[in-house]
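Close look at the chain arrangement
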Amino acid sequence: MKQERKIHFQEGRRAQQQLESGFKQLENSKRKFERDCREAEKAAQTAERLDQDINATKADVEKAKQQAHLRSHMAEESKNEYAAQLQRFNRDQAHFYFSQMPQIFDKLQDMDERRATHLGAGYGLLSEAELQVVPIIAKCLEGMKVAAAAVDAKNDSQVLIELHKSGFARPSDVEFEDFSQPMNRAPSDSSLGTPSDGRPELRGPARSRAKRWPFGKKNKTVVTEDFSHLPPEQQRKRLQQQLEDRNRELQKEVDQREALKKMKDVYEKTPQMGDPASLEPRITETLNNIERLKLEVQKYEAWLAEAESRVLSNRGDSLSRHARPPEPPASAPPDSSSSSNSGSQDNKESSEEPPSEEGQDTPIYTEFDEDFEEEPASPIGHCVAIYHFEGSSEGTISMAEGEDLSLMEEDKGDGWTRVRRKQGGEGYVPTSYLRVTLN
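Bear in mind that the values here come from a model prediction, so they are computed numbers and not experimental data.

One pass over the structure, following the stated rule, counts 23 salt bridges. Linking Lys30 and Glu27 is a salt bridge whose minimum nitrogen-to-oxygen distance equals 3.6 Å. You can see Lys30 and its partner Glu27 sitting in helix H1 (residues 2-52), three residues apart, about one turn around the helix. Using a relative accessible area of 10% as the deciding quantity, one classes Lys30 as buried. In the salt-bridge network here, residues are joined through shared partners; they are Glu409, Lys412, Arg418, Arg420 and Glu426.

Given below as structure tokens:
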């Protein structure tokens, strides 16, 4: 399969090279067309000037007209060649992106699906052999056998596609650039690309084009300490992980310092157990480590705040591009006797607001199995509402976009999170409508 994968990538590179070659030919024909048009225009101006010059001989005028006619004919041929080359390139480009590349990706997908199927079959055979040899781990191997039989190659490949797909749009056709407009003298000659106002288009360097080729080499990424080389969401996760690690190390050093202080006190009270001065180097080293870790924690907190602000700005851009927030979970929120009153109170407060699309499109069921705790609990974190939510059913609570809430209970897998408003009242809201931060 490794050789097969290599062959598929070679096919993709070969098709890409052919398209690149066609694009270079298109650029050459366009430059030739532009050059011939300029020369034809210059020859026509020269002939017109000699024709109006009373000192010019008839032979010079005829020669200049013949030269202008020849240049005009050459420009017309270049124009036809450029148009044909443009048509050919657009056809090859459409074939590359809509036929060749999908076929290559389908082959790669089929190869990965066969690989996953073979792996599943291999795990099944391995589990059967191990069951005969090692009865002690028979239960674990039965689980492996069930997992191998449950391999879904199609679903796995689709998950991989969704995880790694670029999301880039296929490029549009290259537009025809008509350089013959200034040399056309009669209205009947301006059949291609003549501006409606009759003014010639400005000629200049071509605009920079986006990268068209998906098989290009990737640039080497420079890894930075603040993970700024990663996308914003990945950078935020890595910074959170580093911050948690530093906090754990800091807590460990603090605990060690407290233990050393207690040991020093014991040595001072009972000198026969040890010399208190022998602990001073370790206590000093622990204090230095604590100071160093505190500085690192501050540094990572600043980077994390900057990364979170960048993520929020990106989410704000994406929210402005989408007309509707994500769908609330289809399952009903858990029942809560203590928060139903507060939830209904919030519903009354927000009843004057216009109903949202989400409440109209998604049914919220009114049957609940569990009750909220009657005793008030302390928050386990805080969260910010990303979208407006109209709590129109029992157990839910309304919230406004951007509102700060106290997190009372995490999502238990049903898509609902219990929160408390600053104005009072608790209830459930969709987890996808929140940005949660645990204490």
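There's more to say after this.
Enumeration over the complete set of coordinates arrives at 10 aromatic pairs. Summarising the aromatic geometry, the rings of Phe96 and Tyr97 are spaced 4.9 Å apart at their centres and angled 85 degrees between planes, so their arrangement reads as edge-to-face. Aromatic rings pair up to connect Phe33, Tyr82, Phe176 and Phe179 into one cluster.

Turning to the packing of helix H2 (residues 58-133) against helix H3 (residues 138-149), a few remarks are in order. Between H2 and H3, whose axes approach to 8 Å, the crossing angle comes to 160 degrees. Comparing their axes, H3 and H2 come out roughly antiparallel. Crossing of H2 against H3: the hand is left-handed. On the side of H2, the interface is formed by Gly120, Tyr123, Gly124, Leu126, Ser127, Glu128, Glu130 and Leu131, while H3 contributes Ala138, Leu141, Glu142, Met144, Lys145 and Ala148. When its residues are assigned to classes, the contact of H2 with H3 shows seven nonpolar, three polar and four charged.

So, about the nonpolar core. One broad trend across soluble globular proteins is that nonpolar side chains are buried collectively. Ranked by size, the top nonpolar core spans 19 residues in total, and within it Leu19, Leu26, Phe33, Cys37, Phe89, Phe96 and Val174 carry the most contacts. Elements with a minimum of two residues in this core: H1 and H2.

Mapped onto the elements of the fold, Ser378 is located in the loop between helix H8 (357-361) and strand E1 (381-385). A residue is classified by how much of its surface remains accessible, and Ser378, at 56% relative accessible area, is exposed. On a C-alpha basis, the gap between Ser378 and Leu407 in space is 8.9 Å, while along the polypeptide they are 29 residues apart.

A separate point is the packing of H1 against H2. Each packed pair of helices is defined by two parameters, the angle between the axes and the distance between the axes. Close contact between H1 and H2 brings their axes to 7 Å; oriented N to C, the two are set at 165 degrees. Between H1 and H2, the angle falls in the class roughly antiparallel. In the packing of H1 onto H2, the handedness of the crossing is left-handed.

Definitions and limits used
- Residues numbered from 1 in each chain as written.
- Predicted model: local features only at pLDDT ≥ 70, side-chain atom pairs only at ≥ 80, totals over all residues.
- Heavy atoms only, no water.
- Salt bridge = Lys/Arg side-chain N within 4 Å of Asp/Glu carboxyl O.
- Helix = DSSP H or I, 4+ residues; strand = E, 2+ residues; numbered from the N terminus.
- Buried < 20%, exposed > 50% of the residue type's maximum accessible area, 1.4 Å probe, protein only.
- Phe/Tyr/Trp six-rings, centres within 6.5 Å; stacked < 30°, edge-to-face > 60°.
- Axes fitted to C-alpha atoms, helices over the stretch in contact; angles between N-to-C directions.
- Parallel < 35°, antiparallel > 145°, perpendicular 65-115°, else oblique.
- Left-handed = near helix turned anticlockwise from the far one by under 90°.
- Contact = heavy atoms within 4.5 Å.
- Nonpolar A, V, L, I, M, F, W, Y, C, P; charged D, E, K, R; others polar.
- Core = buried A, V, L, I, M, F, W, Y, C linked by side-chain atoms within 4.5 Å.

Honestly, that's just the spatial picture; any functional story needs more than this.
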